[in-house]
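# Tertiary structure, described
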Amino acid sequence: MIIKKWNLINTVFIFTVLMLMQISCTTRMPSDLSKESIIPKPVEVTPTGDYFALKGGIAIYVQEESDELAKIGRYLADRLNPATGYNIEVKTALNEPRPGNIFLKLSSGDEILGDEGYKLIITKKLLKLEANNPEGLFRGVQTIRQLLPAAVEFAVKQDGPWEIATGTIVDYPAYSYRGAMLDVSRHFFGVDDVKRFTDFLAYYKMNKLHLHLSDDQGWRIEIKSWPNLAIIGGSTQVGGGPGGYYTQEQYADIVQYANEQYITVVPEIDMPGHTNAALASYAELNCDGKARELYTGTEVGFSTLCTHKEITYKFVDDVIRELAAMTTGPYIHIGGDETHATKVEDFIPFINRVQDIVASHGKKVIGWDEIALSTLRPNSIAQHWANVENANKAVSQGAKVLMSPATRAYIDMQYDSTTPLGLHWAAYIEVDDAYNWDPATLVTGIGKENIVGIEAPLWTETIKNMNDIEYMVFPRLPGYAEIGWTLAHARNWDEYKHRLSKHGDRFTVMDINYYQSPRVPWAGEK
Ligand code: TNX
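Not measured: the values here are computed from a predicted model. (Residues numbered from 1 in each chain as written. Predicted model: local features only at pLDDT ≥ 70, side-chain atom pairs only at ≥ 80, totals over all residues. Heavy atoms only, no water.)

## Some remarks on the sheet that holds strand E5 (residues 118-122)
Heads up, the condition is: Only when DSSP finds a minimum of two bridges between them are two strands counted as paired. A helix here means a DSSP run of H or I that spans at least four residues, while a strand means a run of E at least two residues long, and both kinds are numbered starting from the N terminus. An axis is simply a line fitted to the C-alpha atoms; with a helix, the fit covers only the stretch in contact. Between two such axes, the angle follows the N-to-C directions and lies from 0 to 180 degrees.
Read across the open sheet, the seven strands follow the order E1-E7-E5-E6-E4-E2-E3; overall the sheet is mixed. This sheet does not close on itself; its edge strands, each paired only once, are strand E1 (44-54) and strand E3 (89-92). Each neighbouring strand pair of the sheet contributes to a mean axis angle of 25°, computed without reference to strand direction. Pairing of E5 with strand E6 (residues 127-131), which is carried by four bridges, proceeds in the antiparallel orientation. What sits directly across from Leu 120, in E6, is Leu 129.

Rendered as C-alpha cells:
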C-alpha cells in the first residue's frame, strides 16, 4: 500500500515536471524581430536582439489631446486587455512616457511613410509607434498585435509573458486600394457578420470593404424613396431563404464601424443587369411594365433595367442620392457586369449617364471592367475581373484599374476539386495560386502606374453563413493583403508560406474556420 502511494506521488511529480518542461519549451522568447511572422510583410525590419516586456500597470500614452488618437489607443487597449488580464489605460503625454509603456505619436515629415505608413521603434524600455496620420498609427497597431504571441487574441485571460522583440520597423503600402468584396445579395449576411469580416480586413491592413448590395436574388439596402426595393426585393435569397436587408441606420453602423478601422466602405448597386430584385419590386422599371418574379436560382445575365425609360434614370438618381448620403468614402460602385440582356448600344449611353449621376452626387465611379466600353470619366475606376481588352480600354482612356482577376483573386473559387463550397468556372485557386502573382505584370499593357490596387471578391451563391465565409477567406485573405501592401520583388511563396503557417494559431484563437491547405506547412506556436 505504502509502495503504491509512493508510486503515485512519484508519477504525479514526474508528470508535473514534464508538463513544466513542455510549457517552458514552448514559451516564446522573442529576440529577433526579423524572424517574426508579420503579414503583410513590412518594408524594412531592423532587429536589435532584445525584447520589450508588456507588464501589468502599463498605459498607452497618446501624444496629444486628440479624440482620434485616444480612440486608436483605446482600440489597442481593448485588444490587449482580455488576454493579458491587464487594465491598460489610455493617457496623454507630451513627451516620451516612463519606461515600460506604449507611446503613439504623430510625426509629420517622414514623406516615405505617406498616409498609411508607420514607424515602430521597440526598445527594451519603450514601444513607440509613429505615423504621419492616425490611419498609419492604426495600421501599425496591427503590427503590434501580430508581434505578440497568438494567445493575445483570446477573449479570456491567458498566461504571459507578453514580450516583443526589439528593433525598428519602417512600413508603408505599395497600393492605396487594398480590399475585399462581400456579396450580401446572393445570400444575406447580417450586421454582425459584416463587422467580423471587417475585422479580418483590418487585421491584415486592408482598407476597402466593397459590399455587393444588389443583384438578381436580393436588394439589401433600404431606399426610402423606393421602399419596395428592400421590402419585396430583399425578401429572399439563393435557395429561397428569408433574405434580409440593412435599414439605413444599420448601414450607417456598418460604415462607422469600418471607418473606425480606417476602412472605406464601397457600396455597389449593380446595373443595368443583375437587377431582377429591383424589377420584381417595381413593375415600371421593366420595359413591358410587368413586375418580374423574385429569383432564387444562380443563373446570371438574364435581367436588365429598361434603359429607354426616363423613370429608370429617376430611379437611379434617387438610389444614388440616398446611397451617396450614407457613404463617407469617395466611391460608388455601379456594377455594369454581364449585361447579356442589354444591347451594347443601350449599355454604353446608360453607363455614361449613370457616371454623370454619380458625379452629380459628389462621388467617383467604380464599375466592373465592362464599363470601359463607355466613355469613362477621368476619375472612374474599372475593376478588372475577366476581360483584358476592357481593362486596356480603360487605361487607354486614362482611367485607373482595380485588379480582381477571377483566376487569381476570386475568393469564391474552390481551392481544388474537393472543396465542399464555391465555384470553379474561373479556376481552382489554391493558397499559393492566390498569392503567386503580381498585379503590375499580370495584364500586358497595364503597369503599376495604372493600378489603384487589388480586391478579392467573395461571391456567395454557395456561401450561406459565417462559417462558410471563413473557410473561403482563410487562409487566402492574408495573401491578398500582402499583394496589395508589399511590392512583388519583396515577396516569395516559399518564404511567405512559413509566415502564413504561423498565423494558423491566430486563426484558431480567433475561432476562424480555415482551410488547412496541404501546401502550407502548418506548424505554428501554441
Ligand atoms: C461572375 S464577376 C459575376 C458574378 C458571379 C460570379 C461568380 C462578376 C463581375 N460577375 O455575378 O457571382 O461570377 O463567381
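Anyway, onward from the coordinates.
## Things to note about the pattern of salt bridges
Oppositely charged side chains are able to pair whenever their charged atoms sit close together. The condition is simple: Salt bridges are defined by distance alone: a side-chain nitrogen of Lys or Arg within 4 Å of a carboxyl oxygen of Asp or Glu. The buried label goes to any residue with under 20% of its type's maximum accessible area, the exposed label to any with over 50%, and the partly exposed label to all in between, with areas taken from a 1.4 Å probe on protein chains only.
For the structure on display, the rule yields 26 salt bridges. For Asp 215, the salt bridge identified is with Arg 186, shortest N-O distance 3.3 Å. With Asp 215 in the loop between strand E9 (208-212) and helix H5 (228-231) and Arg 186 in the loop between strand E8 (177-183) and helix H4 (191-203), the pair connects residues that are 29 residues apart, well separated along the chain. Given the relative accessible area of 1%, Asp 215 is considered buried. On the basis of relative accessibility, which here comes to 2%, the residue Arg 186 falls in the buried class.

## Some words on the confidence of the model for the chain
Selection criterion: Summary of the metric used: pLDDT quantifies the predictor's per-residue confidence within the range 0 to 100. Any two residues having at least one pair of non-hydrogen atoms within 4.5 Å are treated as being in contact.
When pLDDT is averaged along the chain, the result is 94, and 94% of the positions lie at 70 or above. pLDDT under 50 marks residues 1-6. Its contacts with residues more than four places away, or in other chains, come to zero contacts. Here residues 12-26 scores under 50 on pLDDT; set against residues more than four positions off or in separate chains, the count is zero contacts.

## What to know about the layout of surface pockets
The criterion, for reference: Cavities and pockets were defined on a 1 Å grid built over protein atoms only: a cavity is a set of grid points that admits a 1.4 Å probe from which the probe cannot escape, a pocket is an open set flanked by protein on both sides within 12 Å along at least five of seven lines, and lining residues are those with an atom within 4 Å of any such point. Grid points are joined across faces, edges and corners, and a volume is the space filled by probe spheres set on the points. All amino acids are sorted into three groups, where Ala, Val, Leu, Ile, Met, Phe, Trp, Tyr, Cys and Pro are nonpolar, Asp, Glu, Lys and Arg are charged, and the leftover types, Gly among them, are polar. Start and end positions for the domains come from either an automated domain assignment or a database one.
When its volume is computed, the largest pocket comes out at roughly 650 Å³. Forming the boundary of the largest pocket are 29 residues, of which Tyr 75, Arg 79, Arg 145, Asp 199 and Tyr 257 lie nearest the centre. Only helix H2 (67-84), helix H3 (134-147), H4 and helix H6 (248-260) provide two or more residues apiece to the lining of the largest pocket. A class-by-class count of the residues in the lining of the largest pocket yields 17 nonpolar, two polar and 10 charged. Two domains share the lining of the largest pocket, each providing at least three of its residues, namely domain 1 (33-171) and domain 2 (177-509).

## So, the site of the ligand
For clarity, the threshold we go by: We call a residue near a molecule or strand whenever a single non-hydrogen atom of that residue lies within 4 Å of it. Pairing of N or O atoms within 3.5 Å defines a polar contact, subject to two protein rules: one partner must be a possible hydrogen donor and the other a possible acceptor, and residues neighboring in sequence count only if both atoms are side-chain atoms.
Taken together, 13 residues are adjacent to the ligand, and Arg 186, Tyr 410, Asp 412, Trp 425 and Glu 461 come closest. Between the ligand and Glu 338, the relevant distance is 3.2 Å, taken from a nitrogen atom to a side-chain nitrogen or oxygen of the residue. Residues belonging to the shell around the ligand are distributed by class as follows: seven nonpolar, one polar and five charged.

## Remarks on the environment of Arg 476
Along the polypeptide, Arg 476 turns up in the loop between helix H13 (466-473) and helix H14 (477-485). Residue classification places Arg 476 among the buried residues on the basis of a relative accessible area of 1%. Spatially, the C-alpha atom of Arg 476 lies 9.4 Å from that of Tyr 514, the residues being 38 residues apart in sequence. With near-sequence residues (within four places) excluded, Arg 476 lies in contact with Tyr 410, Ile 411, Met 413, Gln 414, Tyr 415, Ile 429, Val 431 and Ala 434.

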